[in-house]
Amino acid sequence: MKSKQLVYTALFAALGVILPQMFHVFGSVSGRVLLPMHIPVLLAGFVCGPISGLLVGLISVLVSHVFTGMPPVPILFFMIAELPVYGLMAGLLFNKFRLNMILSLILAMVAGRIVVGIMIICATSLFGITLPPFINVVGMTIAGLPGIALQIVVIPSVMLIMKKVGYQYATA
């Protein structure tokens, strides 16, 4: 990993811990609705590549939980899988497969939700819960629509600014 990528990876991981805390000032529900931890993870994938995106997704969730208690258990276990997938897929789709940014962003979000769905299927069968996994994933997605819209606006905007100031994106 190049030193610039390493610095950006560390910056995005720190933002993945700090940004949600800023949003939680408005109440704990703002995290589930606005999805602030997702933004630095997705940006890490776009800017630094798939490995950095994966690492930022994993590190920011774990560090945030250790130092702030957020995300709480049991949500922590789902986010440990979901966020690294977001970062990995954003990096792969945008940097390696050269898909456009919005399509990469949407497909990364879908991939993360698929992983959560698989985890919910496993958890429900393991613990005998009768609520269908599809209902959980759809409910999470509907609750997170404002955050998804925020990501679709903020991430391309940040990427455009970075491009204008001369940042060269990673190549996977």
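Small disclaimer: the values here were computed from a predicted structure and weren't measured.

Conventions adopted
Residues numbered from 1 in each chain as written. Predicted model: local features only at pLDDT ≥ 70, side-chain atom pairs only at ≥ 80, totals over all residues. Heavy atoms only, no water. 1 Å grid on protein atoms, 1.4 Å probe; cavity = no way out; pocket = protein on both sides within 12 Å on 5 of 7 lines; lining within 4 Å. Points joined across faces, edges and corners; volume = space filled by probe spheres on them. Helix = DSSP H or I, 4+ residues; strand = E, 2+ residues; numbered from the N terminus. Nonpolar A, V, L, I, M, F, W, Y, C, P; charged D, E, K, R; others polar. Phe/Tyr/Trp six-rings, centres within 6.5 Å; stacked < 30°, edge-to-face > 60°. Buried < 20%, exposed > 50% of the residue type's maximum accessible area, 1.4 Å probe, protein only.

Participant: What's the story with the layout of surface pockets in this structure? I'm lost.
Facilitator: Empty space among the atoms becomes apparent when a probe as large as a water molecule is rolled across them. Put simply, the largest pocket is a space of about 880 Å³. R32, I75, F78, M79 and M140 are, among the 33 residues lining the largest pocket, the residues nearest its centre. Breaking the lining of the largest pocket down by element, the ones donating at least two residues are α1 (3-24), α2 (29-34), α5 (75-96), α6 (101-127) and α7 (133-143). Looking at the lining of the largest pocket element by element, the count peaks at seven residues for α6. Partitioning the lining of the largest pocket into residue classes produces 22 nonpolar, eight polar and three charged.

Participant: Looking at this structure, I do not really get the packing of aromatic side chains. What am I missing?
Facilitator: The final tally for this structure, using the stated rule, is three aromatic pairs. With a centroid separation of 4.8 Å and 70° between ring planes, the pair formed by Y8 and Y167 is classed as edge-to-face. Taken together, the residues Y8 in helix α1 and Y167 in the segment after α8 (145-164) connect sequence positions 159 residues apart. Owing to a relative accessible area of 23%, Y8 belongs among the partly exposed residues under this scheme. On the accessibility criterion, Y167 (8% relative accessible area) is buried.

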